[in-house]
Number of protein chains: 2
Amino acid sequence: MSVYLHDIPLPEAQQRFREALQSAGLDGVLGQETISLGKSALGRTLAGPIWAKLSSPHYHAAAMDGFAVTASDTNGASQSAPLSLEYVAQAVYVDTGDVLPLDKNAVIPIEVTEALDAQEQLHSDPRQPHAIRIREAVTPWQHVRPMGEDMVATELVLPEGHTLRPVDLGAIAAAGHSHVTVARKPKVAVLPTGSELVSIGETVKPGDIIEFNSLILATQVEEWGGEARQFPITPDDEAEIKAQVLAAAQEHDLILLNAGSSAGAEDFSARIVEQLGELLVHGVAVRPGHPVILGMLQIEERQVPIIGVPGYPVSAALTGEIFVEPLLARWLGRQPREKVTVEAQLTRKLNSPGGDDDYVRVAVGYVGERLLAAPLSRGAGVISSLVRADGLALMPRGSQGASAGEKVNVQLYREPQELERTIFAIGSHDIVLDLLAQFLAPQARRLVSANVGSIGGLVALRRGVAHLAGSHLLDPESGEYNLKYIQEYLPEEAINVLGLVNRQQGLLLRSGNPKNIMGLEDLKRPDVRYINRQRGAGTRMLLDHHLNLMGIAPDELHGYNREEYTHLSVAAAIASGRADCGLGIAAAAQALQLDFIPLFEERYDLILPRQFHDDPLLAPLLDCLHSARLRKAIEDMPGYNTAPLGELIAEVN
Amino acid sequence: MSVYLHDIPLPEAQQRFREALQSAGLDGVLGQETISLGKSALGRTLAGPIWAKLSSPHYHAAAMDGFAVTASDTNGASQSAPLSLEYVAQAVYVDTGDVLPLDKNAVIPIEVTEALDAQEQLHSDPRQPHAIRIREAVTPWQHVRPMGEDMVATELVLPEGHTLRPVDLGAIAAAGHSHVTVARKPKVAVLPTGSELVSIGETVKPGDIIEFNSLILATQVEEWGGEARQFPITPDDEAEIKAQVLAAAQEHDLILLNAGSSAGAEDFSARIVEQLGELLVHGVAVRPGHPVILGMLQIEERQVPIIGVPGYPVSAALTGEIFVEPLLARWLGRQPREKVTVEAQLTRKLNSPGGDDDYVRVAVGYVGERLLAAPLSRGAGVISSLVRADGLALMPRGSQGASAGEKVNVQLYREPQELERTIFAIGSHDIVLDLLAQFLAPQARRLVSANVGSIGGLVALRRGVAHLAGSHLLDPESGEYNLKYIQEYLPEEAINVLGLVNRQQGLLLRSGNPKNIMGLEDLKRPDVRYINRQRGAGTRMLLDHHLNLMGIAPDELHGYNREEYTHLSVAAAIASGRADCGLGIAAAAQALQLDFIPLFEERYDLILPRQFHDDPLLAPLLDCLHSARLRKAIEDMPGYNTAPLGELIAEVN
C-alpha cells in the first residue's frame, strides 16, 4: 500500500534535504583533483580561480613581418624625403611572433619598405638587405604585441566555479598553466528495483516492464557532470535491496533508489532508509513525482544521501531535474542550470490539483504572433510526453489550473529560437502526418500534431491555435469533403484546402476474424464489441452516415460510446482484445497485424488558413507535398492513393 | 610573406567548400553505426527515424493497487446500497502495473473497498478476502493504463537527425528497441605546425609560443559531436608537414592544419593543399580569421577536406565556429547550432574595415533597462577576449562600423537569462576588482570590468553604460577624493560613494633598481624612461599634482606620453624593459616582482548611482563588501588598508 500520505510542499522538502546535507558537511564541493590540461578538462568545473602565471604574450612580439626599428630613428621620413636605415644596426628583420630586439620599439611592415644594396640600389633579397628605405615615420610600439597585451601575470583568468569551454582551455594554457584543479565528479549509484522489471533487449511478456529509468537517470547524471553507475535490477525483496544499498553506499556519493511501480515498492525504500539512517521526506507535493523519498544514510562514519525515485518514468525523470541536478551543481561548485522561461498562452483549459506543484508538459510554438503552449498527456507513465515536450508549464500549488488562452510560464527544454520552427497541426490524425514530421525534421521544422478529430481541427483553426488541420469530413448531401464544414466553422477566414491523400476506411478486426464479422450489419450482433472514435472525428461521422443509410441506430452497437482518439489506438484496442472491431484506416490495421475489410475511400485534406500559406515557417511543408520521396513513402503503405497530394483543391473565402 | 590577397566573401567561400563536398559525396551523413542503447548513446544523432516496435504499455495495466472488475458488475452500487463482488470470480487483486485479467475492464482502488470474509464480516487480510464490498459503480477502463497509452507500435517516436537526450533513451527503450542506429562520429585530425611552438607544460623562453590552438580545436570538435586527434607539433618544414597531412588523411575525415603565426606558415599550408589536391579558397573576408584555407585533398581514391586554420588563437577558435561546426553538423545529419541573437546598444564607437565580415567580441549586460554591448579587445591574439565575451557582434561586410549607442545584433555565447547577472564596472582598475569578481562568481554575478581610468568611469556613469565605477580622483585643493569630480561630471545624478580601500601608490622599478631611482625628482633624468597611465586615470592625475607641487613640467619626463591602461600593464612594461619606472600600486609591483617605493596613500572608492543601490543585481556585491573573507583576502595583498571597506562615504545629490 503506498504511503504518500505525508506529502510536503516542494520548498520544505528541499529545505529539509539541504539542512541534512549541511549538517553532514555535504553542501558544497565534495573534493577537488588536479588534472592535466587536455581534452578531458572540457566541461569540468574549476575548484579555484585561475590567476595568470605568465603574461601573454610573455615577451614583446612582432605583430607583422617586417623590420624592427627604433621609432625615433624614423623621425622625418616622408614620401618626398625617404630615409635609409642600416641593416642590422637600425633595422632587423622579424617574422610575426618573433621577439622584438631589446633596443627596438616598433615594426615596419616589409610591404612598405624598399630593400637596398650597398650602392643604395634596390636589392634582390628583401629580407637580407644592406639597408632599407622608408617613406613614413613610425610611432613607438607600432605593430608590436606588447608583453601582457592579452593577459598580465597575476590577472584573474577565470573564477572558481566556472565550467570549462574550449576557449577557456586555451586561455589557461596561455596563462602558463599545464594543469587545472577541478571539482571531482560526484559518484552516483542508480539502483533499479522491482520484480516486474526486465532489462532492455529482453523479450517481454504481459506484465513485464522494460527497465529504462536507470538509463534516464544515469545519463542525466552524466550530462550534469556526475559519474553514474547503473546497478543490475534487484527484485522486490527488502533484504536484497538493502544489501545493494549498503554496497552502493560504500563507493558512491549519492544513491538513487528507483522503486518499481508495484505496490509497496516505495515502502521498501522508506523502511530501508529508516533502518540505515534518517528518512527526511516521504512524499513531496509535486506532480508527477510525489512519492519521492529523501534520506540520509549513516554508513559507519560516512553520511550518504539517498533519493527514492518514483517508478513511473516521467516522475523519475522530473525527480532527476528537481532534486538531482541542483545537488550535483552544488557538489561541483557551479550554478544550477536555469531554464529559459517564456510566457505562453494555453491552447486548452488545464485542471490542476490545488495541493501540488504541478509540472505540465507542453508543446510550445508560435501561431502567427501568439506563443502557444499545448498541454501534452499528463500520465506519469507517458514518457513520450517528455520526449515531445518543449517545456514544462508550472501550475503552482494553490492554483486550480488555468483556462484556455490564459498565459502561463513555461520553463523551456529548447532554445527559444527553436520555438519559431514548430508547426502545429491539430485535427484528424493520419499516419501520413508522422511521415511528414519525419520528412520535415531535417529541414529544421517540427510538426507537432494533436489529434482531436476533424471538427476539433476546424475549431482549433478558428481559435487561432493551429497552423493547419487534417480533415476528412464528408458532406453526405454533396458527397464533397470538408468545404461545407469550413464554411460553417470558418465563415470569415480565407482558407486553402490542400489535397493530401485518398485513403481507405474499413473495419479493423482481430487477426483471423474470429467473430466472422463481414460488414457494418454485423456490428448489431450482441457478441460484437465495437470501439468508436471520439465525437467530431471524421471517421465517426463516416460511420454515422453509413449507419443512417442502413437504418441502424447508434445504440444498437455495443461500445458505440467507447472512444479512442486515433486510428492506432482503435487498432491497439482490438489487438489487445478490448474490442472486436472498429472503423479505421488500412495502415493502422497493418501496423498491428489486424484483419481489414475495406469499405469506403475518402479524401483526407490539409486545411490551411491562407495567412500561413506564404509564411516561411510552412514553406518546407508545402515543398514537401511535392516531393517524390514522400509520395513513394506514402504509396508504400497499404490503403493510400496519392493522387490529390499537393493539389490546391479549393480556395474558400 | 603572407598571401591573403585573395580574400573572398564568406558566403562565397562557404559555397565553394560546399560544392566541393557535394561533388565528393561528402555533404551528408558520413556513415552510420548501430550501437546498444546505453549511456554511450547519449548525445549521438539518429541516422534514421525511430518507429515504435512495441506499444507502451504493451498490455492493459492496472494503474492503481486494487481490484480488477468488470465495470458492468458494479452497476447500481452506492453509499446506501453497497454491492458485494465475489473474490476472485468478480474481483481480482492487482498491484499497480499488473496485467488486467482478460475478462476485467476496470480497477477499483483498494482504499474504497471493504474486504469481507465468508460471513460478510470485515476480513483481516484486505488482499485475500472472500468478497469485497463497494459503494460506488465504476466506468469501463477506470484506473487502467490501456495498451498503447504512451506509444502505439508503428508510431513515430523520434525523427532522423535528432540528438539523443536522457528521456529519449527511455522512450526508445519503451518502444521496444535495444539498439539505435546513429551517425558515426566524424574523425578529425588537428595538426599544429610552427617552429616557434612549444607544448603545454614546457618551459618557455622569449619567442616561444605555447601551442594550445590544437586543444581548443580538438575540444570544439568533440563538443560538436566529432572525434578529434591532436597530432604532435610539426616544425615549419614543408616536407614534414606534408608527410603529417598525408598520414592524417589516411584515417580521418577532416584535417585541421593549424599554421604557425610566423611568416610563410600559411604558404606552406597552401602549397601542400595544392600538391595533394585542390586549393579551393585562400583567404576569406572575415575578421579575425581571414587567412583561412579551404581545400580538398585527393588521396588515392579518397577525397579528404582540409581547413588551413590561422595561427592566432582567436582566429583559430572562430574558424572552428564558422567552418568546422556546420560541417560536423551536416556529417552528423543534425541542424547546425544556432546562437540566440539579441539586439544590444554599443557602449562605444566601433570602427570596422568595410571589406570584411567583422566579428567583434562583446560583453553584454543590462544597465537599467538597456541591453548593452561593450566591445572587448579586438586583437586576434587576445584569447582572453573570447573567454570574456558574452557574444559576437557581427559588423557585416560593407558597414564601416557603428557609433556609440547604436543597436547591433549580438550572437550570444550564453543563455539570455545569464545576461541579467552581469555587473558592469567601468572606470579605474584595481586588483581588488579581480578579487571581487572571484567572490561574486559563486553568487551568480559576473563582474565585467573595463579599465578606462577614473574620469572615464564617471563619464560612463553619465552615459548610463555602467553600474558602478572605481575611482580615486584627488582634489588637490580640499585633499578629498572623488566628491568634487562627481559634482562636476554627474551634477544631476543621485550617487552613493562607497569605500573600498586605501592603497599605496608609489614608483614601480625594475628589480634591484638598476637605475637607482629614489623619487619623482629622478624622473627628469635623461636615462630614465617613464611609462605613464592614460589621460583621465587617477594615477596620472596624482602624478600631475605632485609634479606640479615640485615644479616639474610634464615634458621633462621621458615617456610621459607613453600610456598604459592598467597598473598591471605599467608593471609589465617595466618588467619587460620597455620602461624603467612608472607610478602604480604595490600589488602590481609584487605581481611582477618589481621594486616599489611607496610615495602616497590614496582612497579608492566605488561610485554607485543610487538607482542601482537597491537593484537585486547588485545586492551580492554590496553584501560582499561586508564579508570578512574579502577583507582578509585584500589585506593579504601588500599596500592595502581595508579601513574604508563597505563604508558609505557620502551621498551626493
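Just so it is clear, the model here is predicted, and its values are computed rather than measured.

The rules we used
Residues numbered from 1 in each chain as written. Chains lettered and ligands numbered in written order. Predicted model: local features only at pLDDT ≥ 70, side-chain atom pairs only at ≥ 80, totals over all residues. Heavy atoms only, no water. Contact = heavy atoms within 4.5 Å. Buried area = accessible area lost by both parts, 1.4 Å probe. Salt bridge = Lys/Arg side-chain N within 4 Å of Asp/Glu carboxyl O. Polar contact = N/O pair within 3.5 Å; in protein donor to acceptor, adjacent residues only side chain to side chain. Helix = DSSP H or I, 4+ residues; strand = E, 2+ residues; numbered from the N terminus. Core = buried A, V, L, I, M, F, W, Y, C linked by side-chain atoms within 4.5 Å. Buried < 20%, exposed > 50% of the residue type's maximum accessible area, 1.4 Å probe, protein only. Pairing = 2+ DSSP bridges. Axes fitted to C-alpha atoms, helices over the stretch in contact; angles between N-to-C directions. Least-squares fit on C-alpha atoms with pLDDT ≥ 70 in both. Domains from an automatic or database assignment.

Peer 1: With reference to specific residues and values, describe the interface of chain B and chain A.
Peer 2: At the junction of the two partners, chain B supplies 105 residues and chain A supplies 105 residues. For the pair chain B and chain A, the summed buried area comes to about 8,900 Å², and 63% of that belongs to carbon and sulfur atoms. Glu222(B) is paired through a salt bridge with Lys39(A); the nearest N and O atoms lie 3.0 Å apart. There are 30 residue pairs in polar contact (both at pLDDT 80 or more) connecting chain B and chain A. Put simply, the parts of the chain that give the side of chain B that touches chain A at least two residues each are strand S11 (156-158), helix H2 (166-174), strand S15 (209-211), helix H3 (213-223), strand S16 (227-230), helix H7 (383-388), helix H8 (431-440) and helix H12 (567-575) of chain B. Among the elements that take part in the side of chain B that touches chain A, H2(B) stands out by supplying 8 residues, more than any other.

Peer 1: Give a description of the nonpolar core that names residues and reports values.
Peer 2: Among the nonpolar cores identified, the biggest contains 76 residues, and Leu606(B), Leu621(B), Leu625(B), Leu630(B) and Tyr640(B) are the most heavily contacted of them. Here this core takes 8 residues from H8(B), the largest share from any one element. Discounting residues that sit within four places of it in the chain, Leu625(B) has contacts with Leu436(B), Leu498(B), Leu500(B), Leu606(B), Leu630(B), Leu645(B) and Gly646(B). Formed by 75 residues, the second largest nonpolar core is a distinct cluster that contains Ala374(A), Ile495(A), Tyr640(A) and Leu645(A).

Peer 1: With reference to specific residues and values, describe the sheet that holds strand S8 (residues 113-116) of chain A.
Peer 2: Residue and element names in this part refer to chain A. With antiparallel pairing, 3 strands are arranged side by side in an open sheet as S5-S9-S8. Strands at the two margins of the open sheet, each flanked by one partner only, are strand S5 (83-86) and S8. Direction aside, the axes of adjacent strands within the sheet are offset by 30 degrees on average. Across 4 bridges, S5 lies against strand S9 (residues 131-134) in antiparallel orientation. Residue pairing across strands places Glu86 opposite Ala131, the latter belonging to S9.

Peer 1: I'd love a proper account of the pairing of strand S24 (residues 357-367) of chain A, names of residues and values included.
Peer 2: Residues and elements named next belong to chain A. In terms of burial, S24 is largely enclosed, as 10 of its 11 residues are buried. With 2 bridges connecting them, strand S19 (residues 286-287) and S24 associate as parallel partners. Residue pairing in the sheet places Arg287 in a bridge with Asp358 of S24. Both S24 and strand S26 (residues 391-395) contribute to a ladder of 5 bridges, which runs antiparallel. Each residue of the ladder has a partner; that of Tyr359, found in S26, is Leu394. Examined bridge by bridge, S24 and strand S25 (residues 370-375) share 6 bridges and lie antiparallel to one another. Looking at S25, one finds that Val364 is bridged to Ala373. The turn joining S24 and S25, which pair antiparallel and follow one another in sequence, is formed by 2 residues; a positive phi near 65 degrees is taken by Gly368.

Peer 1: Which residues make up the pairing of strand S29 (residues 422-427) of chain A, and what values go with them?
Peer 2: Residue and element names in this part refer to chain A. Most of S29 is tucked away, with 6 of its 6 residues classed as buried. Residues Thr422, Phe424 and Ile426 line one face of S29 and the alternating positions Ile423, Ala425 and Gly427 line the opposite face, and both faces are buried. Both S29 and strand S30 (residues 446-451) contribute to a ladder of 6 bridges, which runs parallel. Across the sheet, the residue bridging to Thr422 is Arg446, located in S30.

Peer 1: Tell me what's going on with the side chain of Ser471(A), and back it up with residues and numbers.
Peer 2: Residues and elements named next belong to chain A. Along the chain, Ser471 falls in strand S31 (residues 469-471). When its relative accessible area of 1% is taken as the criterion, Ser471 is described as buried. At a separation of 2.7 Å, a polar atom in the side chain of Ser471 contacts the side chain of Asn482. Excluding anything up to four places from it in sequence, Ser471 contacts Ser428, Ser454, Asn482, Arg603, Tyr604, Asp605 and Ile607.

Peer 1: Explain the relation of the copies chain B and chain A to me, using residue names and the numbers behind them.
Peer 2: You can overlay chain B on chain A at an RMSD of 0.1 Å; the transform is a turn of 180 degrees with a shift of 0.0 Å along its axis. In short, the pair behaves as if placed about a two-fold rotation axis. Every residue of chain B has its C-alpha some distance from the rotation axis, and the shortest such distance is that of Glu415(B), at 4.3 Å. Interface overlap between copies: 99% of the residues of chain B at the interface are likewise at the interface in chain A, consistent with a symmetric, same-surface contact.

Peer 1: Mind laying out the domain arrangement of chain A, listing which residues take part and the relevant values?
Peer 2: All names here are of chain A. Structurally, chain A comprises domain 1 (10-28 + 185-332), domain 2 (32-57 + 149-183), domain 3 (61-145), domain 4 (341-414) and domain 5 (454-652). Taken over C-alpha atoms, the centre of domain 1 sits 27 Å from the centre of domain 4. Taken residue by residue, the interface counts 15 residues in domain 1 and 18 residues in domain 4. Summed over both partners, the interface of domain 1 with domain 4 buries about 1,300 Å², with 65% contributed by carbon and sulfur atoms. Three residues, Ala285, Arg287 and Val314, lead the burial of domain 1 against domain 4; their summed loss comes to 45% of the area buried on that side.

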